[in-house]
Amino acid sequence: MLQDIEPYLACPHCAQPLTRDGRTLRCPAGHSHDVAKHGYVSLLAGDAHTGTGDTADMVAARSDFLAAGHYRPIADALAEAAAAVDPDGLVADLGAGTGHYLAHVLDALPGRPGAALDISKYALRRAARAHPRIGAVVCDAWRPLPLLDASAGLVLNVFAPRNGPELRRVLRPGGTLLLVAPTSRHLRELVTALGLLSVDEEKQRRIDEKLGPHLTPAGQREVEFTLRLSAEDVRTVVGMGPSAWHTDPARLAERLAALPDPVEVTASVTVAAYRR
């Protein structure tokens, strides 16, 4: 809940600590932020907007797909890596979505508070209920994050934007970033058959280069497995990701009808660690 992560939060306007006053968070400068009835708090700067956040339909699709256990090996690998790090203090998930992965990690880290950070209020409505120790915060990954300096022992980043300078700032010295990114083989059968967005073969190298000035690589592993997806599962996985913004519904339906049911699909990601 929000009270668990309150000691780590910073005002988006002045970066000062926030304290709770009823259903409002306030800073010493007088800025106030009301807690929504769904349990999350918006710590967006005044000129920010949420137009780039996942829509309600995308969030519903992601929630259904993850709840079905299709990506359980990814969640298990992330939780295993987190337990090996065994951080003190806050676990922050940048681009947390529904809080699925953060909840899985918190189960492996008893007593740790978790901050679900995302720009989609639809996602955070679910994240606020995903685990008893999650507090959900609306924020923009490309702006200063509403966390105090060196406040997090562990930051998660799963299929999400990566802001190197801010990741370094919010991690405490010795803290770890665990980053999950797709390889070029991820969902390759659907990419080919349905004309979805593909993953650059140099993606991991480009990630390392962008994070290099801020964090030190500390090992990585690949997680690859085969999914057997029904036609409905395929529609769901397309609808929950970035391809949802770029596909023509009529053309997609035509191509979906041509797929076998079920269809075997490759899931392939890297789980990489970086340290401050």
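Below or above, wherever it landed, is the structure these notes cover. Note that this is a predicted model, so its numbers are computed, not measured.

Topic: the overall build of the chain
Okay, step 1: Each helix and strand counted, the chain has 10 helices and 11 strands in total.
Okay, step 2: Over its C-alpha atoms the chain spans a radius of gyration of 19 Å, differing by no more than 12% from the 19 Å that the globule rule assigns to 276 residues.
Okay, step 3: Principal-axis analysis of the C-alpha atoms places the extent of the chain at approximately 60 × 40 × 30 Å.
Okay, step 4: Of all 276 residues assigned to the chain, the portion counted as buried reaches 50%.
Okay, step 5: Considering only contacts in the chain between residues 6 or more positions apart, those separated by 24 or more positions represent 67%.
Okay, step 6: Placing the 30 positive and 32 negative side-chain charges of the chain at their respective mean positions leaves the two points 3 Å apart.

Regarding empty space enclosed by the protein
Okay, step 1: Applying the stated criterion across every chain, the model contains 1 cavity of 30 Å³ or more.
Okay, step 2: If you add up the space inside the largest cavity, you get close to 40 Å³.
Okay, step 3: Every residue along the wall of the largest cavity is listed here: A231, V234, L256, L259, P260, D261 and V263.
Okay, step 4: Across the lining of the largest cavity, the residue classes break down as 6 nonpolar, no polar and 1 charged.

Regarding the packing of helix α2 (residues 56–67) against helix α9 (residues 231–240)
Okay, step 1: Interaxial distance between α2 and α9 falls to 8 Å at its minimum, and their mutual angle equals 130°. Between α2 and α9, the angle falls in the class oblique. Of the two elements, α2 crosses α9, and the hand of that crossing is left-handed. Counting all contacts with α2, which are made through M58, A61, R62, D64 and F65, the residues of α9 involved are D233, T236, V237, G239 and M240.
Okay, step 2: Looking at the contact of α2 with α9, its residues break down into 5 nonpolar, 2 polar and 3 charged.

Conventions and cut-offs
- Residues numbered from 1 in each chain as written.
- Predicted model: local features only at pLDDT ≥ 70, side-chain atom pairs only at ≥ 80, totals over all residues.
- Heavy atoms only, no water.
- Helix = DSSP H or I, 4+ residues; strand = E, 2+ residues; numbered from the N terminus.
- Rg over C-alpha atoms; globule rule 2.2 N^0.38 Å.
- Buried < 20%, exposed > 50% of the residue type's maximum accessible area, 1.4 Å probe, protein only.
- Contact = heavy atoms within 4.5 Å.
- Lys, Arg positive; Asp, Glu negative; His and termini not counted.
- Charge placed at Lys NZ, Arg CZ, Asp CG, Glu CD.
- 1 Å grid on protein atoms, 1.4 Å probe; cavity = no way out; pocket = protein on both sides within 12 Å on 5 of 7 lines; lining within 4 Å.
- Points joined across faces, edges and corners; volume = space filled by probe spheres on them.
- Nonpolar A, V, L, I, M, F, W, Y, C, P; charged D, E, K, R; others polar.
- Axes fitted to C-alpha atoms, helices over the stretch in contact; angles between N-to-C directions.
- Parallel < 35°, antiparallel > 145°, perpendicular 65-115°, else oblique.
- Left-handed = near helix turned anticlockwise from the far one by under 90°.

Without other data, these values stay purely geometric and don't point to any function.
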